Structure formats: structure tokens, C-alpha cells
Amino acid sequence: MTFVDFRSGFVAVVGRPNVGKSTLVNALVEEKISIVSSNPNTTRTQVRGILSRDDTQVVFVDTPGIHKPRSALGARLNDSATDALGDADLVVAVVDVSAKTGPGDKRILEASPKGSFLVLNKIDRASKQMLVERLTELSSYDFDEYFPVSASTLEGINELRTAIIARLPSGPPYYPIGTTKDTTDTEWIAELVREALLDTLREELPHSIATAVTEVEGKYLRCEIFVERSSQKGIVLGKGGENLKRVGTLVRASMPSGMFLDLVVKVAKDWQSTPSFLDDLGL
């Protein structure tokens, strides 16, 4: 096969927090690539999900939600998302069709380059009248194509995937066939721990938590959970350690059998505003 017969490219998925970008990427790749939570800014780095077929490879880049930053971490999340706009072969901007278009949406819509696609996600939560109204409103923006979808129910996903593939240029595969994500096993475990914490703690400490695997030896794996204040440590642990036990149970269900996961909670004061700490986390 020559590269003339093969399509490949990078597709940046951008939008404000909580519009469903990670759920959309997972649906398009047909595998869990990014952790998912109802908390905003769950995605903290560019996460690449790779869809490979006989004649195609699509590298979907799941980006942090673009928002008004209040810390060094927030600024870095925005930089990560906007950097993806210039590096992609195609930009897919995502809005929540069940919510009104806000200032954050408008900034992203206006920043999306010519030739981008617009995805109106969460149609399962919107009435037909609401969908028509939003399509009429958003048609004023210069997007090549508009796709009403539901990433959670998969409605419209096949049509979107087909259109994305048709837009890719000829080129070689960027990853070995069979690869579905570019995160390492330890990075993925750290993300699963953070997802389980977000699910367990709900809205109590979503932005104050960071996770990192700091030791791997044989079947032993140590994951450290960082909070910003001593008072938050008790919340993560829970009464009698019940929260941490639940997190461990959730994560071990996704790990190879026989692995031992050690969860340790530490205080890293004001880590969101400490550049050196963010560097260590790869953020």
C-alpha cells in the first residue's frame, strides 16, 4: 500500500468545559481513551485517541476545556487547548446543544479556523425545537459542516466519524496499528485514580486533586494523591478511610489481576499555582 491510498491526520476536539469532549472522543475511537466526569476541566492534558482502519488512521486530540483561568494550572490548560488548534489537520468544535451559547462558547467558535466542523452534542437532552433554534443561531458561524450528535447514546456518531475520515489528507500512520492511546500504563492508572476520586468526592475537591504514579516494582504500584491543604486530606480519606477504599476498589477493577495498588494522600500546598510542581506532573 502506498501512502496515496492511506488517509491519516490529527483532529483536535475543542470546547468549553463540560460540553462532552472526552465522551465524544471515546465514542469516536470506540474505546475509553479519556476519563470522564461531570466536573469541569476533568481533562488536563492533550489526550490522543487513535482510530486505525485498513486505509485510515485518525488521531483524535482530546483537549482541556477552554475557560477563564484562575491559577497557573488553568492558564496551562488553556494553552494546551489552543495549541491544538494550530497543529491539527481538522478542528472539531463542540457545544452543548441543551445549554445556551455563552461567552466561552463564542470565543471558541470564533477562534476555530476556516474549514472546521461544529458538533452540537447532547441532543438527547434537547427538544427538537431547541435543536432547531441552536442550529439557526450557530449557522452564522463559518463552519464547513454541522453535526447534531449524542456522544452518550452514540446517535449521529457514525455520520460524524465518516465525515472526519473523508476530510483527512493522504499520509502514513503516525502510530503502530493497534495502538488506541498514547498514554503510558502508569499515566493511565493515575488518571483512573483521579476519575474514581472525582466520582467518589463529587464536587467537593475536583480541582484540588492531582495524581501521579511514583513507584512501580514488579506487581506493586504506588499512586500518590495530592491535595492543597491539610483539611482536604481528611475529605479524600473519608471516615475510617472509606473514600480511599472505594477509590481503590474502582481502580483495581480496571487493572490486571494480581497487581497491588498502594494509594497515598499527600499535601502539596497551593500546587495549582506552583509552576515547578505542574512541571513535575507534566501539566
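The numbering scheme is per chain: residues are counted from 1 as the chain's sequence reads. It should be noted that, the model being predicted, local features are given only for residues of pLDDT at least 70 and side-chain atom pairs only at 80 or more, the latter also being counted only at that level, while totals for whole chains, interfaces and linings use all residues. The side-chain values count all of the structure's non-hydrogen atoms but skip hydrogen atoms and water molecules.

Asker: Whenever I open this one, unusual backbone geometry confuses me. Can you help?
Answerer: Working note: non-glycine residues mostly have negative phi, and peptide bonds are mostly trans. Notably, Asn18 is not glycine yet its phi reads approximately 70 degrees, a positive angle. Under the scheme used here, helices are H or I runs from DSSP no shorter than 4 residues and strands are E runs no shorter than 2 residues, and both carry numbers assigned from the N terminus. The residue Asn18 is located in the loop between β1 (7–14) and α1 (21–29) in this model. Its identity is not glycine, yet Lys122 carries a phi of approximately 70 degrees, on the positive side. For Lys122, the location among the structural elements is in the loop between β5 (117–121) and α4 (128–138). Residue burial is assigned from relative accessible area. The probe radius is 1.4 Å, only protein chains are included, and a residue is buried under 20% of its type maximum, exposed over 50%, and partly exposed in between. Lys122 sits in the buried class, given a relative accessible area of 14%.

Asker: Help me out: how do you make sense of the pattern of salt bridges in this one?
Answerer: Should the charged atoms of two oppositely charged side chains come close, the side chains can pair. Any carboxyl oxygen of Asp or Glu that lies within 4 Å of a side-chain nitrogen of Lys or Arg is treated as forming a salt bridge with it. Under the criterion given, the structure shown has 12 salt bridges. Residues Asp96 and Lys122 are paired through a salt bridge, measuring 3.6 Å at the closest nitrogen-oxygen approach. Of this pair, Asp96 sits in strand β4 (residues 90–96) while Lys122 sits in the loop between β5 and α4, and the two are 26 residues apart along the sequence. Put simply, Lys114 and Asp142 hold a salt bridge, and the shortest N to O gap is 3.4 Å. Placement of Lys114 in the loop between α3 (103–111) and β5 and of Asp142 in the loop between α4 and β6 (145–148) is noted, with a sequence separation of 28 residues between them. Here Asp142 falls in the exposed class, since its relative accessible area comes to 52%. Look at the salt bridges and you will find they share partners, linking Arg222, Glu224 and Lys266 into a network.

Asker: So what exactly am I meant to see when it comes to the sheet that holds β1 here?
Answerer: Strand pairs in the sheet, formed through backbone hydrogen bonds, run parallel or antiparallel to each other. Taken together, six strands build an open sheet; the order of strands is β2-β3-β1-β4-β5-β6 and the sheet is mixed. Edge positions in the open sheet fall to β2 (47–53) and β6, since each of these has one partner strand only. When the angles between neighbouring strand axes are averaged without regard to direction, this sheet yields 20 degrees. In terms of strand pairing, β1 meets β4 through four bridges, oriented parallel. Among the inter-strand pairings, Ala12 is bridged to a residue of β4, identified as Val91. Only heavy atoms enter the contact rule, under which two residues are in contact if any of them lie within 4.5 Å. Helix axes use the C-alpha atoms of the stretch in contact, all axes being lines fitted to C-alpha atoms, and the angles between their N-to-C directions lie in the range 0 to 180 degrees. Along the sheet, α4 contacts β4, β5 and β6; its crossing angle with β5, the most-contacted strand, is approximately 155 degrees. Strand pairing requires that DSSP identify at least two bridges connecting the strands.

Asker: Just checking my understanding: could you explain the nonpolar core for this structure?
Answerer: Inside soluble globular proteins, nonpolar side chains tend to come together where they are buried. Nonpolar core, defined: a set of buried Ala, Val, Leu, Ile, Met, Phe, Trp, Tyr and Cys residues in which side-chain atoms within 4.5 Å join the residues together. In this structure, Leu24, Phe60, Leu160 and Ile164 are the most contacted members of the largest nonpolar core, which totals 27 residues. Those residues in contact with Leu24, other than ones at most four positions away along the chain, are Val13, Val94, Val119, Val149, Ala151, Ile157 and Leu160. In this structure, Ile35, Leu192, Ala196 and Ile209 belong to the second largest nonpolar core, which totals 22 residues.

Asker: Looking at this model, I keep getting lost on the pairing of β5. Mind explaining?
Answerer: Note on strand geometry: in a regular strand, side chains alternate between the two faces of the sheet. Of all five residues making up β5, five are buried, and the element is well covered by its neighbours. Burial of the side chains of β5 extends over both faces: Phe117, Val119 and Asn121 are buried on one face and Leu118 and Leu120 on the other. Here β4 pairs with β5 via five bridges, running parallel. Note on β5: the bridge partner recorded for Val95 is Leu120. Between the parallel pair β4 and β5, the chain is carried across by α3, and the sense of this crossover is right-handed. Here β5 pairs with β6 via four bridges, running parallel. Residue Leu120 lies in a different strand from β6, and its bridge partner there is Pro148. A crossover gets the label right-handed when its path from the first strand over the helix to the second runs clockwise, viewed with the strands pointing away from the viewer. Since β5 and β6 lie parallel, the crossover through α4 that links them has a hand, and here it is right-handed.

Asker: What is the right way to look at helix α8 (residues 242–252) in this model?
Answerer: Since the α-helix turns once every 3.6 residues, residues separated by three or four places project in the same direction. For α8, the set of buried residues is Asn243, Leu244, Val247, Gly248 and Val251. With its buried residues spanning 135 degrees around the axis, α8 presents them on a single face. Exposed residues pointing more than 90 degrees away from the buried face of α8 are listed as Lys245 and Thr249. Residues of α8 that are buried sit in contact with α6 (185–201), β8 (220–227), α7 (230–237) and β9 (260–267). By arc we mean the arc of the directions from the helix axis to the C-beta atoms, nothing more.

Asker: What is the right way to read the packing of α7 against α8 from this model?
Answerer: Between two packed helices, what matters for the description is the angle formed by their axes and the separation of those axes. Two numbers describe how α7 lies on α8: the axes approach to 5 Å, and their chain directions differ by 60 degrees. Here α8 runs oblique to α7, going by the angle between their axes. Of the residues in α8, those in contact with Ile235, Val236 and Leu237 of α7 are Glu242, Asn243 and Leu244. Lys, Arg, Asp and Glu make up the charged group, whereas Ala, Val, Leu, Ile, Met, Phe, Trp, Tyr, Cys and Pro make up the nonpolar group; the residues left over, Gly among them, are polar. For the contact of α7 with α8, a count of residues per class yields four nonpolar, one polar and one charged. Here roughly perpendicular refers to angles of 65 to 115 degrees, roughly parallel to angles under 35, roughly antiparallel to angles over 145, and oblique to all remaining angles.

In short, shape yes, function no, at least from these values alone.
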